[in-house]
Amino acid sequence: MEKIKANLIIEIMGRPPEHIKEALNTLVVKIGSEKGINILDKKYHEPRPVKDVKNLFIAFAEINVEFDSLEHLFAIIVGYMPSNVEVYEPEKFKLNAAEINSLGNYIISKLHRYDEIVKRALMDRNILLKQLEYIKSGGKIEDLMKLEKTNYKTNKTKNKKRDGAKKASSVKKGVRK
């Protein structure tokens, strides 16, 4: 497949303006260092204040990029989430089933990873909310810490027993890991 050329817009928000300028440049350099990626041109725009928000700034860069393959293009799309992507070359694509499968599986694997991260964050959030409610209702932080240590030791013991049972089961079946 021939190389793919696209224009990307990368945005970053934060404070102070000097920091987001530096962070944006670091991000563009990192994109350019990825395998199968060649930055043809780049244009940085100065940070400007975000409307209706005090002391918050936004800056963006327009980058013209050449990708070795569709996989590299989608790796950048999923990995860096540009605010806009405009593929301008080639005008038409001809893909075989293996290329489509590879691309689809790549996207699915990334989505599963993001889903795992979100579920873990929600679980941690729920635990923190329960702990906060406990403290609000008069519970002591020290008691929470003791309980957390006990739960950690209990889970560690359960995991060792489970792992030992798996090994014993696989040995009985004649399978060794």
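Residues numbered from 1 in each chain as written. Predicted model: local features only at pLDDT ≥ 70, side-chain atom pairs only at ≥ 80, totals over all residues. Heavy atoms only, no water.

## With respect to the pairing of strand S1 (residues 4-14)
Move 1: When S1 meets strand S4 (residues 57-67), the two strands line up antiparallel, connected through 11 bridges. Within S4, the position partnered with Ile 10 by the bridge is Ala 61.
Move 2: Sheet analysis places S1 next to strand S5 (residues 84-89), joined by five bridges and oriented antiparallel. Residue pairing across strands places Lys 5 opposite Glu 89, the latter belonging to S5. (Pairing = 2+ DSSP bridges. Helix = DSSP H or I, 4+ residues; strand = E, 2+ residues; numbered from the N terminus.)

## Considerations on the nonpolar core
Move 1: The biggest cluster of nonpolar side chains holds 20 residues, and the ones touching the most others in it are Leu 8, Ile 31, Ile 37, Ile 63, Val 65, Phe 67 and Ile 76.
Move 2: Where this core is concerned, the elements lending two or more residues are S1, helix H1 (17-33), S4 and helix H2 (70-80).
Move 3: Sorting elements by how many residues they give to this core places S4 first, with six residues.
Move 4: Residues in contact with Val 65, not counting those within four places in the same chain, are Ile 4, Lys 5, Ala 6, Leu 8, Ile 37, Asn 38, Ile 39 and Leu 40. (Core = buried A, V, L, I, M, F, W, Y, C linked by side-chain atoms within 4.5 Å. Buried < 20%, exposed > 50% of the residue type's maximum accessible area, 1.4 Å probe, protein only. Contact = heavy atoms within 4.5 Å.)

## As for the pattern of salt bridges
Move 1: Under the defined criterion, the tally for this structure stands at six salt bridges.
Move 2: With a shortest N-O distance of 3.2 Å, Glu 46 and Lys 21 are connected by a salt bridge. Of the two residues, Glu 46 is situated in the loop between strand S2 (37-44) and strand S3 (48-49) and Lys 21 in helix H1; the sequence distance between them amounts to 25 residues.
Move 3: In this structure, the salt-bridge partner of Glu 116 is Arg 113, at a minimum N-O distance of 2.9 Å. With Glu 116 and Arg 113 both in helix H3 (residues 97-136) and three residues apart, the pair spans about one turn of that helix.
Move 4: A relative accessible area of 47% places Glu 116 in the partly exposed class. (Salt bridge = Lys/Arg side-chain N within 4 Å of Asp/Glu carboxyl O.)

## Observations concerning the environment of Ser 33
Move 1: Checked against the element boundaries, Ser 33 lands in helix H1.
Move 2: For Ser 33, a relative accessible area of 57% translates into the label exposed.
Move 3: Side-chain polar atoms of Ser 33 contact the backbone oxygen of Lys 30, separated by 2.8 Å. (Polar contact = N/O pair within 3.5 Å; in protein donor to acceptor, adjacent residues only side chain to side chain.)

## Focus: a nonpolar patch on the surface
Move 1: Taken together, the side chains of Met 1, Val 85, Val 87, Phe 93, Leu 95 and Ile 100 present a nonpolar region at the surface, about 460 Å² in accessible area.
Move 2: Note on placement: Met 1 falls in the segment before S1.
Move 3: Of the residues examined, Met 1 reaches a relative accessible area of 49% and is grouped as partly exposed. (Patch = residues over 30% accessible without salt bridge, like charges linked within 9 Å, V, L, I, M, F, W, Y side chains within 5 Å. Areas by Shrake-Rupley, 256 points an atom, 1.4 Å probe, with all protein chains shown as cover.)

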